[in-house]
Amino acid sequence: MYILSNTPSKGCLLFAIFLGLSYGDVKPEETYNSHKLLPEWLLSLVQNLFTYSLIIIPGGLAIRWIKQTNYIEKISPGGLLYKTILTCVHGKQDLDDDIEKGGEGSSPSTSSGKQKGGIQKLLLCVVGLQSSYLMWGYLQEKIMTTQYDDIKFKDSQFLVFMNRLLALVMVFGYINIFKQPTHKTPLYKYSYSSFSNIMSSWCQYEALKYVSFPTQVICKASKTLAVILMGKVVSRKKFPLYEYVCAGLIFVGVSVFLLWNPQETEKNYTKETTFSGILILIGYIVFDSFTSNWQGELYSTYKMSSYQCMLGTNIFSSLFTGTSLLLEGVLFSNLFICLQHVGLAWDVMSMSIFSMTGQFFIFYCIENFGPVVFTIIMACRQVLSIIVSCLMFGHPLTAQSFVGAVIVFIALFLRIYAKQRSSPSSAAAK
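Residues numbered from 1 in each chain as written. Predicted model: local features only at pLDDT ≥ 70, side-chain atom pairs only at ≥ 80, totals over all residues. Heavy atoms only, no water.

(A) Region of the structure containing the packing of helix 6 (residues 156-177) against helix 7 (residues 190-207). Put simply, helix 6 and helix 7 touch, their axes get as near as 9 Å, and they point 130° apart. When the interaxial angle is binned, helix 6 and helix 7 end up oblique. Helix 7 is crossed by helix 6, and the crossing has right-handed handedness. Between helix 6, through S156, Q157, L159, V160, N163 and R164, and helix 7, the contact on the second element is made entirely by N197, I198, S201, W202, Y205 and E206. (Axes fitted to C-alpha atoms, helices over the stretch in contact; angles between N-to-C directions. Helix = DSSP H or I, 4+ residues; strand = E, 2+ residues; numbered from the N terminus. Parallel < 35°, antiparallel > 145°, perpendicular 65-115°, else oblique. Left-handed = near helix turned anticlockwise from the far one by under 90°. Contact = heavy atoms within 4.5 Å.)

Next comes the structure, spelled out in structure tokens:
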């Protein structure tokens, strides 16, 4: 709290609040038209980050004060305030890793990783994952690039909000039906991965205004190198040689694809918009890499289930994006636009449903067949999503860009093969 004690800080804070309230009355299009020095996506990004900071900064100061003053020891145990602080700030680290009462079921995160499903379950995983994410990718591109009657929907943050809100409702119901490990994680720690998750999702939607869906898929496949670098920064992990070789091959493939991709002359794409799209995709790769590494740290430290992590992340994601939309004054206007355009409303809701079912199929597949089978299925999905996008939206691919895509997917499958060969179970089998 002492940070805000001096006068200059107060003045800056009041000015920032005034600036945010002023932005709330301005639509994104108007903001862009009045500030032509900056691209629309950058202005939108700054506006979103400012509204997130109105939650993050006060919340961070409050948590710091509670920890520094040991405030939880000054209040009577058992009360609502005590339970809230314990859950949000400290967590239940002193409890044994027992199982709370509930229905039948188990956590995917406690799975040994062995294949325990039959051919029917494998077929269910393949169909579920492929259909969910192929439809999600198709609807994602359709919403961001298609004209709905007289409007073209532009608010990426609203789509993130709808996805996270529906996922929050569904996973909350799931956790109350199926038993889970006792939750020990301080709730605020999910805010880190939640912030990076909504930023990566925003980048994913926003990039489609500037690059084609096939380009987005290929660039997303190159995040292996970013995951390695982020793993060293966040978790101080060491990676085997094949990880660096595969990451290098993916980088080469992506470079070939982008250099000979004809999208600069396709539709409304220009070198400037393509450059913006690549910058946004770099942001996606960085944020998404942090998300997976941070959640991995939480799993190893607190042993919560994947569904508990999904719930905690979506709580903060819904809070951040919902509050931001309210402060910017566009939440209800976006809902009104959806009500006016039934086709848009149907596509937004369908995309949110497919995104949610896809997340559940991820956990179901890993629980029954392990991460290797899941990775293979998702790698195949990336290939199919490019084919679907080219067929449905007419994206051209030259022979050179096709070669670049092939290099990327060969590297992905080589990585899966090398990881499987070097796993302890494979070594034991020999």
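On we go from here.
(B) Molecular detail of the packing of helix 7 against helix 12 (residues 306-327). Packing of helix 7 against helix 12 leaves a shortest axis separation of 8 Å and a crossing angle of 65°. When you trace helix 7 past helix 12, the crossing you get is right-handed. Contacts between helix 7 and helix 12 pair Y190, S191, S193, S194, F195, N197 and I198 from the former with Q308, C309, G312, T313, F316, S317, F320 and T321 from the latter. Per-class residue counts for the contact of helix 7 with helix 12 are six nonpolar, nine polar and no charged. (Nonpolar A, V, L, I, M, F, W, Y, C, P; charged D, E, K, R; others polar.)

(C) Spotlight on a nonpolar patch on the surface. Taken together, the side chains of L241, Y244, V245, L249, F402, V403, V406, I410 and L414 present a nonpolar region at the surface, about 790 Å² in accessible area. Taken together, the elements giving at least two residues each to the nonpolar patch come down to helix 10 (241-259) and helix 15 (399-421). With five residues, the single largest contributor to the nonpolar patch is helix 15. For F402, the location among the structural elements is in helix 15. (Patch = residues over 30% accessible without salt bridge, like charges linked within 9 Å, V, L, I, M, F, W, Y side chains within 5 Å. Areas by Shrake-Rupley, 256 points an atom, 1.4 Å probe, with all protein chains shown as cover. Salt bridge = Lys/Arg side-chain N within 4 Å of Asp/Glu carboxyl O.)

(D) Examining the environment of T87 more closely. Take T87: it is sitting in helix 4 (residues 80-90). Once the C-alpha coordinates of T87 and L187 are considered, the two residues, 100 residues apart in sequence, prove to be 6.1 Å apart. Setting aside anything within four residues of it in sequence, one finds T87 in contact with T185, P186 and L187. In terms of polar contacts, T87 uses its side chain to reach the backbone carbonyl oxygen of K83, at 2.9 Å. (Polar contact = N/O pair within 3.5 Å; in protein donor to acceptor, adjacent residues only side chain to side chain.)

(E) Representation of unusual backbone geometry in the model. Backbone geometry at N70 places phi at a positive 50°, although glycine is not the residue there. By secondary structure assignment, the location of N70 is in the loop between helix 3 (40-68) and helix 4. On the basis of relative accessibility, which here comes to 35%, the residue N70 falls in the partly exposed class. (Buried < 20%, exposed > 50% of the residue type's maximum accessible area, 1.4 Å probe, protein only.)

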